[in-house]
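Residue-level listing of the chains:
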Amino acid sequence: MVYLHNQIPSRKRPSPFVPPFPPKIPKSNPTQTLTASAAAAANASASRAESKIERMVTVLADAGCTLINPSGPPCLPSDMIKFRSRVERVLGCDDGLRSDFVQGLSEYFRTRDNFRRALMRSSRDGSHANYARTDSLVRNLLLVPSIQIDLQNMLLEMLPEFFNGNPGGQVLSCSFEDDIARLILNHFRWLDFLVDSSAFTDKLLQVLCICPSYLKKEIIGSLPEMTDDQNNKAVVDTLHQLLQEDPTIILPVMDSFSNLNLDELLHEQVVTIALTCIRTIDADSMPHLLRFLLLSAKPSNVRRIISEIRDQLKFVGGPNTHKSHNSKLKGKLVVDTAEASILGALRSSLRFKMTLCEEVLKELKSLEKAKDHKVIDIWLLVLVYMNGELMRKSVEKLFKRKVMEGSISTDLLDKCILGNKDLAKEYFSVFLSLSEYFLASKEQELCAFGSYMYALLFGEFGNPASRQEILGALIAHLGSGLNFEVNAALDTLLRLASQHPEELLPLSSHINGILDFLEGFTVENLHKVYEVFSRLTLCARSSVNSAGSSIGNELLMIIRKQLGNPDVKYRSMGVIGTFKMISVLGDSSGCLTSPSQKSNCEEAVELLKLSFESCKQFPLEMVLFYDELSAVLSSKTLTPGIIEWPGSILQTLPASFLLVSRMERLANQGSLGGIDALLGCPLYLPSSKYFYGSTFQSLTEKQKDTICLSLYYACNWLRELLNAFCTQVIGKSEYTSQSIKDEIATKLLKRLRNLVYLESLLNYALRWHYFIFPEVHFHVEETIYSFSNLQNHKCRGGNKIGHQKKKVDKGDHDKDSQELDHLSTDGKHCRSTIYEFKKSGLVEGRDPSAEDPNNLPAQDVKSQLAERQSCIFDDQTSVDIVGVATSLESQKFKFRSLSADCHSMLTFTKKSSLCCPDPASELPLHAYLLHDLLFKLDRSVHGHRRMKVDELLSLVKPLIPNLKKHFDVALSVLKGTLTCEVHWEEQALLAGHPESIETKILISNISGLIVTETLSLLRKVLVEIGTYGKQVLNLPENKVRKSCLLELLGGFQPVNQPASIVSDVHPIPLPGSIEYLYCGTHAFLQDALDTACSFSFKLASEVLLTLKSVVCSVLSYSKESNEKGGDQNGSVSNLLQAIQKRLGALAWKLLRHRWDDAHLDHGWKGQGERVETFLRIYLENSASTYDALEELACSAMPRLSADGNAGDHEFPTLSSATFAVWYRTLHEVNVNILNKLVRDIQFQRKPRTGIKPQSVEQLLLELGQSVNVVVSLINMCKTFNKVTVHAMMVKYAGKFLDSFLRVFDFLRVHFAKHRKQIVQLVNKLQMATKMVQTICFEAKGSKHMSVTGKVPVTKRSMERFSFHVKSLLHAMPCEESGTQGLCCRVASPQAYNDGSGDNDPNMSDLEGQPCSIEAER
């Protein structure tokens, strides 16, 4: 104060100071009078306050500030730095003056107007220009260090006084300058320094807790601008507490968190806080929270963030949803702008951020159960898909896997798209692109999913532009040229035409172009094309608006043109189109047309007549005509006018038996009683004398053709007989008595025997004369272009079928073949008919009225059989009756196919004496039917469409009990049980076979075929049931699948209870349960395997493969049970472990079994694939794959390579002929288990799981075993010197090193503790690479291309391995002891030289340089 009074007077103009507070005059109160002392105290207090204000004003005035400015805020000098320095200099050296200054400010600020003016931005030197305005007086005083703390506390304490200015906590419409609370807060932002940041932060957070909502949000959002980094911990804790009390402040809190400079620990705390808010946050605020979380993601927490978002975000989806304002539904998002904002936030956060996208895909990959997948998963995949080509490939691959597993179902897709058009329209192109990808896949499940997506998009997006894009994509699929893709696209179009015909009709102009390229479709696809346009035609004809009828007129015009075309392929297309139109227009349940048009029935009959007239002169087209008409009659209920028309032409078409049978069943409630005589009619065939070897060879080529044709047509006639009359036995006719059914069944077995005999005879004829059969039906996989190849040229008269044939030498018809052309007078290919051939005297006629040999008494049969056996022909031939006619297999697709009903003949049994296992000689018949059944299942074709899994199950299920019976009979025959050869001769004579042709039954071949085909059928059904279960979600189909599985397992049970295997399962399964049935089936097959080991290596391998299928079925059932929570006592898991152990033991037994040469078909050279199967099954199902692999690679195989033979070897299946198979298999299995070990190491190193010391020891032990295996296999090349073995060694050594490089990080982390063990691993591999280098060098000198072609890749792997080893050695600590003697050889990266041989390194260079640990340090 003395210094202030004695200072030099200021040169500035005199301040127009007016006392801010006039002297207070106490009011007189009549009821109360102040005492003299009280009045004196009040006057003294007022005097002191005025004195402090005066001293404060004096200090400011001395610094150049005019506090009282009537026109506005205080006037400040132009140089703020000098102003603040002068104030600091004055107040910093005098504590009393500083205290009076602060108190003076406090007294001065008690007046609201004074306080507001001090908070307002001031003018410089009284200037009122906008550019001259600067910070307020309070802001400048806050930058004075000596008074900053006091001023901050004063302002924060005054802040609550101005809360009441905004009643209810709501923001008023006043301007910012009138809101004193916000003015105060604005002064704390971006201060140049804080004298005591901790005290200020604590004070600010205390005030924050009592602020109203609007002001609290503003303070929270400004905290990063007010506080220092060292106080972030207090800020985060306080905000977390406030957030728990008031969830509405989530947005400013997240904004504040994102602007704070947090360390790793606080960052994780903030992320945890944000994750806990996902369930409680309001839907409108969710996008901001998600954006904050994804922007806060780091490699250490990104997986947790994505996982929590998936788990807690309730993305509702689905149709007919509406917004709910109920507080109980917070966090449940609904289909409105909130969901669109959420998707937008996720999309912007994932855009161009590959790390986030990759973690999203990893998180989705880790989901194994279908119930764990949600709607948000599909949206995440869609959003990631939009991030460039690389991400698209990854998403497509993952999406494909999820659909194949059944994890992403159509139900999830419905919730994602159905009813959410506004939400999904922005992502329409992505869904369309995914639909294109799925529909172009080979897998049927993906094609079906893609087809469903197309139909869903078409139905949901009703705007023409979107639907045109969908149709354009489908047309592009049709032009791909891939049959499976074209088939799927047509299925999708057919779905659209069935579900949305009225919507598709206005857009038909976009698909009409398909009709211009019909000749490129297969027959199966032609049916679909015509059905699509037929449905649209029906819709157009039934529509009131006649504008859409043009498509019908165009289709009818095209069909009429095709029927009138002279080319066979176009007429055939017209026939297919005709009957598709008839099936749609003639449906009795169809819609009626308008009165101005022809009725649908009239139009169908007119087309039918036109088609018949165009085809009646051409046999092949008539075959197609009758087949199509039969198919329509059996699948559709047509109007009476159409059904009556074929009756007028059936009398002249006795060859169209299929059509006759269909018409007969339609007319007689399913009975064929009117035509049953056809089943017993004899056949008119060439004489049997022409089937002698020398006689047949003496015939002309045309005569041989006629014999083959007659047998071929007879076989097809018998097939159609079986197809027709089998329906009378299996119960499709309710009006057929049991006695008639038994009679028909007996005749059917005879006809089946005739069919087997004739095909065997035809197979014999083809051995001597190669012949190409004409097709008697159109194959479903053949394109329409091949129609012209079925009938290349027509002979004169139009009734002779042209052909191409080759004359084949008697010894080998595959060599030295030449084409023989038989020309008619007009130069065209032609073939004689059977009628013309009969005129030449080569056909032996049989009187139809003669006595039928089927009805001969048993005594006559025996007498004729004895007479036949007494006859001896000098050049008599022998026709082998085998299960598979090998010469016919290549042309089997041209035959009329047996229907599914024919396989019911497997259940027919003929009662006879039990003199042998096959008294009725039915094994050849059963083998024939089983082979045909497997033929159909392998091709997966049934008629004109693919066989579905439920059709397969319904086909096989009734046959299961008889399959086991036939299996047992065949197995007993193979075991050596004698069979009576006379039985076949007796049955053949009863069936009317010619006596002069000797037949030989290869009973062992037939029995082996029955066993292998039954096992193959069992494997296929088990696989299909397991695959089917992944796709089926609705309960009824699951019941069907499980019922068939129980039936299948129950059919293959042993005679005795499977006590041995049941006792290994805990708890012991109850009889009748599925676990018990699995045990029984496994025991039954194990008994069959023991039997097969005594006579056939091939059959033993088939049984072992079937046992593996049973294990896979149990594994699939176990996964399904775990997903549904049905395996609570662990019985299924224990069962799986028990049968896996037994399977490994059985494979071990087969590997060590000593097989006789008679048990092997062609010695060990042809058994490599089966030996590989045994090895893989043993290694996969052994108790420890590492131990088993190490034993085989380090013990068994080296002994063989040293001995050179397998005479007394422990493993007879390991010989010089199978050594390469063993060597390759062990290498592949070793690389596979190393890759699995690498994945386990990477998983255990994750922060969430962690890795335990015991696990490290086990992982290093398994890694050491894998290294021992590869080192042993590499060293075998020293003694087993073959180029193929060397090539495999170089290839798999490089693969092993590539996988081993991925564990170096793990080795580096644990090197200090497990130093000796790790160095030993590296040393072994280093020595092995030396051997690899030597083999490569020798192969280069010997120019072994099979080895040198694999050198570059292996070379790069060894160089990378060398560099990793050096890096590991450099990182070793220096103080460790006990490893000074260890040494690692580092392979030289210059071991190879790509130049000429002169520059090749010598062997000393290849060895590399030894470097001890000390040297490498």
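Residues numbered from 1 in each chain as written. Predicted model: local features only at pLDDT ≥ 70, side-chain atom pairs only at ≥ 80, totals over all residues. Heavy atoms only, no water.

**Student:** Would you take a moment to explain the overall build of the protein for this structure?
**Tutor:** Looking only at helices and strands, one finds 61 helices and 13 strands in the protein. Across the 1417 residues in the protein, those meeting the buried criterion constitute 52%. When contacts within the protein are restricted to residue pairs at least 6 apart in sequence, those whose partners lie at least 24 apart make up 77%. Surface summary for the protein: the accessible area is close to 64600 Å², and the carbon and sulfur share equals 52%. (Helix = DSSP H or I, 4+ residues; strand = E, 2+ residues; numbered from the N terminus. Buried < 20%, exposed > 50% of the residue type's maximum accessible area, 1.4 Å probe, protein only. Contact = heavy atoms within 4.5 Å. Areas by Shrake-Rupley, 256 points an atom, 1.4 Å probe, with all protein chains shown as cover.)

**Student:** What's the story with the packing of aromatic side chains in this structure? I'm lost.
**Tutor:** Here the distance between the centres and the angle between the planes together describe a pair of aromatic rings. Across all of its chains, the model carries 30 aromatic pairs by this definition. Centroid distance Tyr 108 to Phe 109: 6.0 Å. Interplanar angle 55°. Geometry classified as tilted. Assessed through its relative accessible area of 1%, Tyr 108 is described here as buried. Judged by relative accessible area, which is 2%, Phe 109 ranks as buried. Summarising the aromatic geometry, the rings of Phe 1300 and Phe 1304 are spaced 5.7 Å apart at their centres and angled 90° between planes, so their arrangement reads as edge-to-face. Three or more aromatic residues joined by ring pairs form one cluster here, namely Tyr 712, Tyr 713, Phe 771, Phe 773 and Phe 895. Above the ring of Phe 458, the side-chain terminus of Arg 467 is found at 4.7 Å from the ring centroid. Positioned above the aromatic ring of Phe 1211, the side-chain terminus of Arg 1152 is 5.9 Å from the ring centre. (Phe/Tyr/Trp six-rings, centres within 6.5 Å; stacked < 30°, edge-to-face > 60°. Lys NZ or Arg CZ within 6 Å of the ring centre and 35° of its normal.)

**Student:** Please explain the pattern of salt bridges as it appears in this structure.
**Tutor:** Taken as a whole and judged by the stated rule, the model has 46 salt bridges. Here Lys 393 ties to Glu 389 by a salt bridge, and the two come within 3.9 Å at their closest N and O atoms. One end of the pair, Lys 393, and the other, Glu 389, are both in helix α19 (residues 388–405), four residues apart, so they sit about a helical turn from each other. For Lys 1149, the salt bridge goes to Asp 1090, with nearest N and O atoms at 2.7 Å. Pair noted here: Lys 1149 is in helix α50 (residues 1131–1152) and Asp 1090 is in helix α48 (residues 1074–1092), with a separation of 59 residues, a long-range link. The class of Lys 1149 is partly exposed, set by a relative accessible area of 35%. Salt bridges linked by common partners bring Arg 182, Arg 189, Glu 218 and Glu 225 together as one network. (Salt bridge = Lys/Arg side-chain N within 4 Å of Asp/Glu carboxyl O.)

**Student:** Is there a simple way to think about the environment of Val 430 in this case?
**Tutor:** Within the fold, Val 430 resides in helix α22 (residues 428–439). The exposure class assigned to Val 430 is buried, which follows from its relative accessible area of 6%. When the C-alpha positions of Val 430 and Leu 383 are compared, they lie 8.7 Å apart, and in sequence the two are 47 residues distant.

**Student:** For this particular structure, what's the right way to read helix α3 (residues 80–92)?
**Tutor:** When the terminal C-alpha atoms of α3 are compared, their 17 Å separation across 13 residues agrees well with the 18 Å that a helix rising 1.5 Å per residue should span. Within α3 the residues assigned to the buried category are Met 80, Phe 83, Arg 84, Val 87, Val 90 and Leu 91. For α3, the buried positions fall inside an angular range of 130° around the axis, keeping them on one side. Facing away from the buried side of α3 by over 90 degrees, the exposed positions are Ile 81, Lys 82 and Arg 89. Two or three places before Ile 81, at the start of α3, stands the capping residue Asp 79, its side-chain oxygen 3.3 Å from that residue's backbone nitrogen. (Expected span 1.5 Å × (residues − 1). Arc of directions from axis to C-beta. Polar contact = N/O pair within 3.5 Å; in protein donor to acceptor, adjacent residues only side chain to side chain.)

**Student:** Even after reading the chapter, I still don't get the environment of Lys 1291, so can you show me in this structure?
**Tutor:** Within the fold, Lys 1291 resides in helix α55 (residues 1283–1300). Taking the C-alpha atoms as reference, Lys 1291 lies 8.2 Å from Val 1353; in sequence the two are 62 residues apart. Apart from residues lying up to four places away in sequence, Lys 1291 is in contact with Lys 1350 and Thr 1354.

**Student:** Before we go on, may I ask you to explain the packing of α22 against helix α23 (residues 444–460) in this structure?
**Tutor:** The relative placement of two packed helices comes down to the angle between their axes together with the axis-to-axis distance. Between α22 and α23, whose axes approach to 7 Å, the crossing angle comes to 150°. The orientation of α22 relative to α23 falls into the category roughly antiparallel. Considering the relative orientation of α22 and α23, their crossing is left-handed. Facing α22, whose interface residues are Phe 428, Phe 431, Leu 432, Leu 434, Ser 435, Glu 436, Phe 438 and Leu 439, α23 presents Leu 446, Cys 447, Phe 449, Gly 450, Ser 451, Met 453, Tyr 454 and Leu 457. A breakdown of the residues in the contact of α22 with α23 according to their chemical character gives twelve nonpolar, three polar and one charged. (Axes fitted to C-alpha atoms, helices over the stretch in contact; angles between N-to-C directions. Parallel < 35°, antiparallel > 145°, perpendicular 65-115°, else oblique. Left-handed = near helix turned anticlockwise from the far one by under 90°. Nonpolar A, V, L, I, M, F, W, Y, C, P; charged D, E, K, R; others polar.)

**Student:** For this particular structure, what's the right way to read the confidence of the model for the protein?
**Tutor:** Residues shown with low pLDDT carry predicted positions that ought not to be read at fine detail. Per-residue confidence for the protein averages 75 on the pLDDT scale, and 74% of its residues sit at or above 70. Mean pLDDT values over the elements of the protein span from 32, in helix α60 (residues 1403–1406), up to 93, in α22. Confidence drops under pLDDT 50 across residues 126–132; counting only partners more than four residues distant or on other chains, this segment forms six contacts. Considering only residues more than four positions removed or in separate chains, one finds that residues 166–173, a stretch of pLDDT under 50, has nine contacts. (pLDDT = per-residue confidence, 0-100.)

**Student:** I tried to follow the side chain of Glu 1075 on my own but got confused; where do I start?
**Tutor:** Note that Glu 1075 resides in helix α48. Of the residues examined, Glu 1075 reaches a relative accessible area of 12% and is grouped as buried. Aside from chain neighbours lying at most four places away, what touches Glu 1075 is Pro 1069, Tyr 1117, Ser 1131, Val 1132 and Leu 1135.

**Student:** Help me understand the nonpolar core in this model?
**Tutor:** Nonpolar side chains in soluble globular proteins generally cluster together in the buried interior. In terms of nonpolar packing, the biggest core is built from 203 residues, with Phe 725, Leu 748, Leu 1192, Tyr 1223 and Phe 1300 touching the most fellow members. In terms of residue count, the dominant contributor to this core is helix α36 (residues 738–768) (15 residues). Once residues within four sequence positions are removed from consideration, Phe 725 is found in contact with Phe 657, Leu 672, Ile 675, Asp 676, Leu 679, Ile 744 and Leu 748. (Core = buried A, V, L, I, M, F, W, Y, C linked by side-chain atoms within 4.5 Å.)

**Student:** Hey, could you run me through helix α9 (residues 197–208) in this one?
**Tutor:** Because an α-helix packs 3.6 residues into every turn, residues spaced three or four apart end up facing the same way. Over its twelve residues, α9 runs 16 Å from end to end, which matches the ideal 16 Å to within 8%, given 1.5 Å per residue. For α9, the complete set of buried residues consists of Ser 197, Phe 200, Thr 201, Leu 204, Leu 205, Val 207 and Leu 208. The arc that holds the buried residues of α9, viewed along the axis, is 160°, so those residues lie on one side. Where α9 is buried, its residues meet α7 (145–158), α10 (213–226) and α11 (232–245).

**Student:** What exactly am I supposed to notice about the environment of Ile 1177 here?
**Tutor:** Take Ile 1177: it is sitting in helix α51 (residues 1168–1181). A sequence separation of 31 residues divides Ile 1177 from Leu 1146, and the C-alpha atoms of the two residues are 9.1 Å apart. Leave out the neighbours within four places in its chain, and Ile 1177 touches Leu 1104, Lys 1108, Leu 1143, Gly 1144 and Ala 1147.

**Student:** I keep staring at unusual backbone geometry and nothing clicks. Help me out?
**Tutor:** Backbone geometry follows two general trends: most residues other than glycine have a negative phi, and most peptide bonds adopt the trans configuration. Non-glycine residue Trp 190 carries a positive phi angle of around 55°. Overall, Trp 190 belongs to the exposed group, its relative accessible area being 60%.

**Student:** Is there a simple way to explain the side chain of Asp 414 in this structure?
**Tutor:** Here Asp 414 shows up in helix α20 (residues 410–417). Salt bridges are absent for the buried Asp 414, whose nearest opposite-charge side chain, Arg 495, sits at 9.1 Å. Every residue in contact with Asp 414, bar those within four places of it in the chain, is listed here: Tyr 452 and Leu 456. (Lys, Arg positive; Asp, Glu negative; His and termini not counted.)

**Student:** For this particular structure, what's the right way to read the pairing of strand β8 (residues 878–881)?
**Tutor:** Consecutive residues of a regular strand have side chains that alternate between opposite faces of the sheet. Residues of β8 alternate between two faces, with Val 879 and Ile 881 buried on one and Ser 878 and Asp 880 left unburied on the opposite face. Across four bridges, the pairing between β8 and strand β11 (residues 998–1001) is parallel. Residue pairing across strands places Ser 878 opposite Glu 998, the latter belonging to β11. (Pairing = 2+ DSSP bridges.)

**Student:** Before we go on, may I ask you to explain the packing of helix α33 (residues 657–667) against helix α35 (residues 701–725) in this structure?
**Tutor:** Look at α33 against α35: their axes get within 10 Å of each other, and the N-to-C directions meet at 15°. Taken together, the axes of α33 and α35 lie roughly parallel to each other. Regarding α33 and α35, the two cross each other, and that crossing is right-handed. Here Phe 657, Leu 658, Ser 661 and Arg 665 of α33 come into contact with α35, specifically with Trp 717, Glu 720, Leu 721, Ala 724 and Phe 725.

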